[in-house]
Structures are given as C-alpha cells and as structure tokens.
Amino acid sequence: GFMMSYIVSPSLFWIHMVTAGCSQAVDTLMTDLNNIYGSTKKIKFRKLFENWEPRLYDVCCAQFYEDNRFYRARIINFRYEYDDSETQALMRSPTPLSPTPSPVPQNTHTRVHKIKVFYIDFGNTEWVSPRKVFPLPLKFLDIPPQAVCCRLAGVEPVGTSEGTSSPTPQKTTE
C-alpha cells in the first residue's frame, strides 16, 4: 500500500510505500538520527564540522522548523546576503534550470543567509538557517529516500502560486 506524505497539488504530491520492514527501518533511522543530533550540543557540532561547507545537492541533516527534529534532506538552493557599504540584498541562487548564480558585485562580502532543503523522506521543502544544517553520516544513507513523487494522470495545474512549481504531468502507463 501507500500513505500520502506531502501534497502541493493533484499534479504534484509525495507518497510513502508502506511495507512492514521498510516502515520499521525508517522509524529506526529517524530515532537514531535524532538520538545523535538531538542529544549533542549544537556548539559541539559546529566545532566538529567547522570546515564543512554545504554544497548544492548535498544530502545532509536538517532541523525541521515545526517540531525541531532532525531529518534527512537534500540541499536544493541557497539564498545569499551580501554587504555593499550600508545596503544588504538577496542574490538569486543557482537552480536546476539556471545553474549559474547571479553575479556578486565586486568588493562585497557574501555569506549564505538561508538554505532551501528538500526532506527526502517526506517530500516537503523549507528554507532553514545554515546553523540548522549538518553533514549526514554515511550510515544514514543506507536506506533510499522514502518520498516518492507522484502526479495524477491527465491533471494539469490551472496556475502557479509564488514559490510553487507547476510541472507538466507526464504520460503514465497502467
């Protein structure tokens, strides 16, 4: 069977395949992940990973805003901040459709302001502070991502809303 995980629209949603062994493995993975990251002081993590720089499409561990728990995630975008004398502005980050970031003015200091993550086991996305993103130990990659992207056949979105993509439904076989 399957269980609905996250819905954007009828033409874009994520499900979990439900099997006894898989559900138990994911529950164990989430428990272990939160035991490690939830019980360690963030200062210790920052010191341990001070040389780690998140990169686009890295799989990582991110702390979810709504429940403050840790989940596996993929980095899908960055929001940069740059200082130019007294002004600050956001710079457009690279995306799959536009892999080149907007140029940064010369003689400015840039830093990552927010990181957009895709929670690979649930299908939702969120902008998080870089202070809530950590490297993911390899042992947490043994189980493949659990969110399965789906679309209803023949359903096309009417329009788009800010920040939401509207993919074209693909031909399906039955």
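Residues numbered from 1 in each chain as written. Predicted model: local features only at pLDDT ≥ 70, side-chain atom pairs only at ≥ 80, totals over all residues. Heavy atoms only, no water.

### Describing the nonpolar core
Here is step 1: Membership of the largest hydrophobic core comes to 25 residues, with the highest contact counts inside it found for Val 117 and Tyr 119.
Here is step 2: Those elements that place two or more of their residues in this core are α1 (20-39), β3 (59-63), β4 (70-84), β6 (109-119) and β8 (133-135).
Here is step 3: Here this core takes six residues from β4, the largest share from any one element.
Here is step 4: Setting aside chain neighbours within four positions, we find Tyr 119 in contact with Ala 62, Gln 63, Phe 64, Tyr 71, Arg 72, Ala 73, Asn 124, Glu 126 and Val 128. (Core = buried A, V, L, I, M, F, W, Y, C linked by side-chain atoms within 4.5 Å. Buried < 20%, exposed > 50% of the residue type's maximum accessible area, 1.4 Å probe, protein only. Helix = DSSP H or I, 4+ residues; strand = E, 2+ residues; numbered from the N terminus. Contact = heavy atoms within 4.5 Å.)

### Points about the pairing of strand β1 (residues 2-9)
Here is step 1: As judged from the six bridges shared by β1 and strand β2 (residues 12-17), these two strands associate in the antiparallel manner. Its bridge partner lying in β2, Met 3 is registered against His 16.
Here is step 2: Between the antiparallel neighbours β1 and β2 lie two residues. (Pairing = 2+ DSSP bridges.)

### Points about the pattern of salt bridges
Here is step 1: All told, the structure shown has three salt bridges when counted by the stated rule.
Here is step 2: Between Arg 55 and Asp 58 there is a salt bridge, with its nearest N and O atoms 3.6 Å apart.
Here is step 3: Take Arg 55: its relative accessible area is 56%, and that puts it in the exposed class.
Here is step 4: In this structure Asp 58 comes out as buried when scored by relative accessible area, which is 15%.
Here is step 5: Between Arg 72 and Asp 121 there is a salt bridge; the shortest N-O distance is 2.6 Å. Of this pair, Arg 72 sits in strand β4 while Asp 121 sits in the loop between β6 and β7 (125-128), and the two are 49 residues apart along the sequence. Note on accessibility: Arg 72 and Asp 121 belong to one class, buried. (Salt bridge = Lys/Arg side-chain N within 4 Å of Asp/Glu carboxyl O.)

### Remarks on unusual backbone geometry
Here is step 1: If you check the backbone angles, Tyr 57 has positive phi at about 75° while not being a glycine.
Here is step 2: Mapping Tyr 57 onto the fold places it in the loop between α2 (42-48) and β3.
Here is step 3: Note on Tyr 57: relative accessible area 40%, which makes it partly exposed.

### Regarding the side chain of Asn 34
Here is step 1: By the secondary structure assignment, Asn 34 is in helix α1.
Here is step 2: When sequence neighbours within four positions are dropped, the list of residues in contact with Asn 34 reads Ser 39, Arg 69 and Phe 70.

### What to know about the confidence of the model for the protein chain
Here is step 1: Summing up the model confidence of the protein chain, the mean pLDDT is 76 and the portion of residues at 70 or higher is 73%.
Here is step 2: The least confident element of the protein chain is strand β5 (residues 87-91), whose mean pLDDT is 39; the most confident is β7, at 96.
Here is step 3: Predicted confidence is poor over residues 84-105, with pLDDT under 50, and the contacts of this stretch with residues over four places away or in other chains come to 37 contacts.
Here is step 4: Confidence drops under a pLDDT of 50 for residues 162-174, and excluding neighbours within four residues, the segment shows 17 contacts in the predicted structure. (pLDDT = per-residue confidence, 0-100.)

### Looking at a nonpolar patch on the surface
Here is step 1: On the surface, Phe 2, Met 4, Ile 7, Met 17 and Val 148 cluster together to form a nonpolar patch covering roughly 490 Å² of accessible area.
Here is step 2: The greatest single-element share of the nonpolar patch, amounting to three residues, is contributed by β1.
Here is step 3: Within the fold, Met 17 resides in strand β2.
Here is step 4: In this structure Met 17 comes out as partly exposed when scored by relative accessible area, which is 48%. (Patch = residues over 30% accessible without salt bridge, like charges linked within 9 Å, V, L, I, M, F, W, Y side chains within 5 Å. Areas by Shrake-Rupley, 256 points an atom, 1.4 Å probe, with all protein chains shown as cover.)

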